[in-house]
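Examining the three-dimensional arrangement
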Amino acid sequence: MNAIAQNNPQFGTKRLREDSPNFVTYRDQFQTLHACTPSHRHTITMLTVNKLIPQGRGLAPALLKRAGTVELDWEVRQKSRFDATDSAGRSLGVFLPRGTVVRGGDVLVAEDGSLVRVLAAPQQVLRITHCQTHGTPFDLISAAYHLGNRHVPIELKPDHLQIEPDHVLADMLRAMHLIVQPVEQPFEPESGAYASGGHGHGHGAGHHDHDHDHGHGHPH
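In this text, all values refer to a predicted model and were calculated from it rather than measured experimentally.

Here we look at helix 5 (residues 138-149)
When the terminal C-alpha atoms of helix 5 are compared, their 17 Å separation across 12 residues agrees well with the 16 Å that a helix rising 1.5 Å per residue should span. Along helix 5, the residues classified as buried are Leu140, Ala143 and Leu147. Down the axis, helix 5 shows its buried residues gathered within 60° of arc, on one side only. Relative to its buried face, helix 5 has exposed residues pointing more than 90 degrees away, namely Phe138, Ile141 and Tyr145. Summarising the contacts, the buried residues of helix 5 are in contact with strand 7 (123-130), strand 9 (161-163), helix 6 (167-175) and strand 10 (178-185). Histidine 151 sits one or two positions beyond helix 5 and adopts a positive phi of about 55°.

Thoughts on the pairing of strand 1 (residues 46-53)
Bridge count between strand 1 and strand 4 (residues 91-95): 4 bridges; the pairing is parallel. Residue methionine 46 lies in a different strand from strand 4, and its bridge partner there is serine 91. Where strand 1 meets strand 5 (residues 107-110), 4 bridges bridge the pair, whose relative direction is antiparallel. The residue of strand 5 that forms the bridge with valine 49 is alanine 110.

Side note on the packing of aromatic side chains
Enumeration according to the criterion identifies 1 aromatic pair in this entry. The interplanar angle of 90° and the centroid separation of 6.2 Å between the aromatic rings of tryptophan 74 and phenylalanine 187 together place this pair among those described as edge-to-face. With tryptophan 74 in helix 4 (residues 74-77) and phenylalanine 187 in the segment after strand 10, this residue pair connects regions lying 113 residues apart in the sequence. With respect to class, tryptophan 74 is no different from phenylalanine 187; both count as buried.

Observations concerning the environment of glutamine 124
For glutamine 124, the location among the structural elements is in strand 7. The exposure class of glutamine 124 is partly exposed, given its relative accessible area of 38%. Through-space distance from the C-alpha of glutamine 124 to that of glutamate 164 is 7.0 Å; in sequence the pair is 40 residues apart. Non-local contacts of glutamine 124, meaning those with residues more than four positions away in its chain, are made with Pro165, Pro182, Val183 and Glu184.

Some thoughts on helix 6
Leu169, Ala170, Met172, Leu173 and Arg174 are the residues of helix 6 that are buried. Where the residues of helix 6 are buried, they touch strand 7, helix 5, strand 9 and strand 10. Sitting at the amino-terminal end of helix 6 is aspartate 166, which places a side-chain oxygen 2.9 Å from the backbone nitrogen of valine 168. Histidine 177 sits one or two residues past helix 6 and shows a positive phi near 70°.

Considerations on the sheet that holds strand 7
Spatially, the 4 strands line up as an open sheet ordered 8-9-7-10, and their pairing is antiparallel. Unpaired on one side and paired on the other, strand 8 (155-156) and strand 10 mark the two borders of the sheet. In the sheet, strand 8 pairs with strand 9 via 2 bridges, with the strands oriented antiparallel. Bridge pairing links leucine 156 to leucine 161 in strand 9. Along the sheet, helix 6 contacts strand 7, strand 9 and strand 10; its crossing angle with strand 10, the most-contacted strand, is approximately 140°.

Digging into the confidence of the model for the chain
Detailed reading of the predicted model is not advised wherever pLDDT is low. Across the chain, pLDDT averages 79, with 67% of residues at or above 70. Low pLDDT (under 50) marks residues 9-14, which in the prediction has 8 contacts with non-local residues, meaning those over four places away or in another chain. Here residues 193-220 scores under 50 on pLDDT; set against residues more than four positions off or in separate chains, the count is 55 contacts.

Focus: the environment of valine 107
Looking at where valine 107 falls in the secondary structure, it is placed in strand 5. A relative accessible area of 1% places valine 107 in the buried class. With 54 residues separating them along the chain, valine 107 and isoleucine 53 place their C-alpha atoms 5.1 Å apart. Sequence-distant contacts of valine 107, that is, excluding residues within four places in its chain, are made with Lys51, Leu52, Ile53, Gly56, Leu59, Leu64, Leu115, Val116 and Arg117.

Rules and cut-offs
Residues numbered from 1 in each chain as written. Predicted model: local features only at pLDDT ≥ 70, side-chain atom pairs only at ≥ 80, totals over all residues. Heavy atoms only, no water. Helix = DSSP H or I, 4+ residues; strand = E, 2+ residues; numbered from the N terminus. Expected span 1.5 Å × (residues − 1). Buried < 20%, exposed > 50% of the residue type's maximum accessible area, 1.4 Å probe, protein only. Arc of directions from axis to C-beta. Contact = heavy atoms within 4.5 Å. Pairing = 2+ DSSP bridges. Phe/Tyr/Trp six-rings, centres within 6.5 Å; stacked < 30°, edge-to-face > 60°. Polar contact = N/O pair within 3.5 Å; in protein donor to acceptor, adjacent residues only side chain to side chain. Axes fitted to C-alpha atoms, helices over the stretch in contact; angles between N-to-C directions. pLDDT = per-residue confidence, 0-100.

Pasting the structure below:
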């Protein structure tokens, strides 16, 4: 411990005896300074990911079961470069070929060979259904046509559509006598709906929570 005084001028030039009243104070200060030196700082390493296996095709179920997971919403998954943290707490730097879109169920391969399963995170979306009393399923085809003309990312389901929150589009769809409800669900739009690389209009999500009203003043 006498190295404390020898190597740190702020502690003086005298050698310290362990029974000295100041010994404990100097020792604690020295240990604090020593713990903060660059060689003792905790360094966070980012793991590079540059490969994707669509839906984990060809991988053994046992490998997929042991793989870590990362939960990402559509805002992130439509990008080819992003940072994320997996279920093991590892920092991931994802660098995929330009134009790559990550889907729920895909598997990322890290530079060390480890696998990370992608989970599509639930997010705010608008669920569009036809009115079973006054409409038909064909109304959804009409809705998909009009949304497609606006290059809106759309998720197609057998009995409903899903789009990102947009009060302007919600009002348009309600005027077509469709039922529009905000829900919390994973979002997986059709691959052709975002050809420009963008997503949705993003006109604010706070004006689409009223129920469908059949009092339109017209015959159904």
